Amino acid sequence: MSHHNQPVLLVLGAGDRAYRSFLLQEFAARHHLVLLDSLPPAWTRPYVTDAITVDLHDHHAVHRAVTEIALRHPISGVTTYLEHHVELVAHLAKELGLPGADPDAVEACRDKARTRQLLAEHGVPSARSVLVNSAEEATAAADAIGYPVVIKPRGLGGSAGVHRADYREHVAAHYDSASAATLIGLEASAAAGVLVEEYLHGPEISVECAVRGRGDVHIAAITRKRLGAEPAFLETGHLVDATDPLLDDPVLHHVVTSAIKAVGITTGILHVEVRLTRQGPRIIEINARLGGDLIPRLVHLATGISLPQAQAAMATGDTPDLNASVAQSAAVEFRYPTVTGPVQTAHARAFSADWLERLVWTRQPGDSVTAGPHSTINDRLAHAVVCAPTAGACQERLDQVLQSLTVHIAEPVRTTACVR
């Protein structure tokens, strides 16, 4: 498809269709898109004007590709919804003279140690944290902070590589796990080290924000998270309620706004993770991007606000539409395996309801899956998204859908090693 002289929005990375197609579709609703990806997937074709094959971790190659695109199309903005590419987007936007967040501020969000340092300097409530470079340092830090503690990589988004340690003897193993989780997209030297942090008691939420200037933070939605059994911090579901009382909570708004000012983000859609402790809200992470795990879809279903369209608008210098037009609840739940082995059968009883937005299988017969406590998001078997007038009704409907699923997982194949 060719649209010469038509302004285009550059999108870095497509991601997985099951989780990301809504985002790309929303970008495409108002903009001509040019996708840059190492292997642009076929599912993106209906949404993009052009797709360029380029290694997004080779920044010189990306710059050459962008220069070539600019010869064919005026570039109106550059954006991504993938954590690994947010810094590159910020640098490209700055170099092209386009709207975007300051690259140093985006780097401060990606680097959890830098985030904690800036939050502490600005007096923003968050977890006490120590950056360590060995298992021995990790144990000493954990002893000083007091158990339980959280061990996490310095720079991966979400819950990747994050574990709770309740006892001294667990710290070294979790340190090795976090240390092995490498940070993609930053120089290795910039990502060295592991964080040992105070464990924050209380429910976890995320705050979906639009930042329209320094200190001008609009909270578009509150996402209530459901986490699996610790020591891992695996998300099992999310819920967005258009009437969530935290939307109007002045303390939460102050803490989130102060955190965003501390890292220096002045424009864009942010996904800020928070624990609601007895002492008040405490910042866990600031992500300079849209939330993952279908959270923007839940926000759209519950409120009518399209966070992807808002992000695309801000990337091109337009005013985002953040006016709610719907008032209900929407939720997603992820089904994880209860045993380890290859999936034999996976099917659902015939199910039809106008409140069931989707039921998607993300693992197929033949795929091997791992049960907790070693599951990752790659082991999710399926997910369902539902709408309802209330949060409670959402959970009832999710239970109804997930009870319709039948999954059989075989025992893992074990072979006898032959030494002769």
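Just above sits the structure.
Positions within a chain are numbered from 1, following the residues in the order the chain's sequence is written. Where totals are concerned, whole chains, interfaces and linings use all residues; where local detail is concerned, this predicted model gives features only for residues with pLDDT of at least 70, and gives and counts side-chain atom pairs only at 80 or more. Side-chain numbers here rest on the full set of heavy atoms in the structure, without hydrogens or water.

Note on placement: Trp361 falls in strand S16 (residues 356-361). Between the C-alpha atoms of Trp361 and Arg380, which are 19 residues apart in sequence, the distance is 8.6 Å. For this analysis, residues touch if any pair of their heavy atoms sits within 4.5 Å. Not counting residues up to four positions away in its chain, the partners in contact with Trp361 are Ala346, His347, Ala348, Leu381, Ala382, Leu405, Thr406 and Val407. Helical segments are the DSSP runs of H or I of at least four residues, strand segments are the runs of E of at least two, and each set is numbered from the N terminus.

What counts as an axis is a line fitted to C-alpha atoms, over the stretch in contact for a helix, and the angles between N-to-C directions run from 0 to 180 degrees. Taken N-terminus to C-terminus, the directions of helix H4 (residues 103-110) and helix H5 (residues 112-121) make an angle of 105°; their axes are 5 Å apart at the nearest point. Classified by the interaxial angle, the pair formed by H4 and H5 is roughly perpendicular. In this structure, H4 uses Ala108, Cys109 and Arg110 to contact H5, whose residues at the interface are Lys112, Arg114, Thr115 and Leu118. Amino acids outside the nonpolar list (Ala, Val, Leu, Ile, Met, Phe, Trp, Tyr, Cys, Pro) and the charged list (Asp, Glu, Lys, Arg) are all regarded as polar, and Gly is one of them. Of the residues that constitute the contact of H4 with H5, the class distribution is three nonpolar, one polar and three charged. Orientation labels follow simple angle bins: below 35 degrees gives roughly parallel, above 145 gives roughly antiparallel, 65 to 115 gives roughly perpendicular, and whatever is left gives oblique.

In this section: the sheet that holds strand S15 (residues 341-348). In space, the three strands of this open sheet follow the order S17-S15-S19, with antiparallel pairing throughout. Whereas interior strands pair on both sides, the edge strands pair on one side only; in this sheet they are strand S17 (368-369) and strand S19 (405-409). Any two strands are treated as partners once DSSP identifies two or more bridges connecting them. Where S15 lies against S19, five bridges are found, and the strand directions are antiparallel. Residue pairing across strands places Ala348 opposite Leu405, the latter belonging to S19.

Let us look at the packing of aromatic side chains. Side-chain rings of Phe, Tyr and Trp, where Trp is taken by its six-membered ring, are said to pair if the distance between their centres is within 6.5 Å; with planes under 30 degrees apart they count as stacked, over 60 as edge-to-face, and otherwise as tilted. Taken as a whole and judged by the stated rule, the model has three aromatic pairs. For the pair Phe27 and Tyr81, a centre-to-centre distance of 5.8 Å together with 35° between the ring planes defines the contact as tilted. Of this pair, Phe27 sits in helix H1 (residues 17-30) while Tyr81 is found in the loop between strand S4 (75-79) and helix H3 (86-96), placing the two residues 54 residues apart along the sequence. Buried, partly exposed and exposed residues are distinguished by accessible area as a fraction of the type maximum, computed with a 1.4 Å probe on protein chains only: under 20%, between the cut-offs, and over 50%, respectively. Relative accessible area serves as the criterion here: at 0%, Phe27 is assigned to the buried category. Measuring from centroid to centroid gives 6.4 Å for Trp43 and Tyr47, while their planes differ by 65°, and the two rings are edge-to-face.

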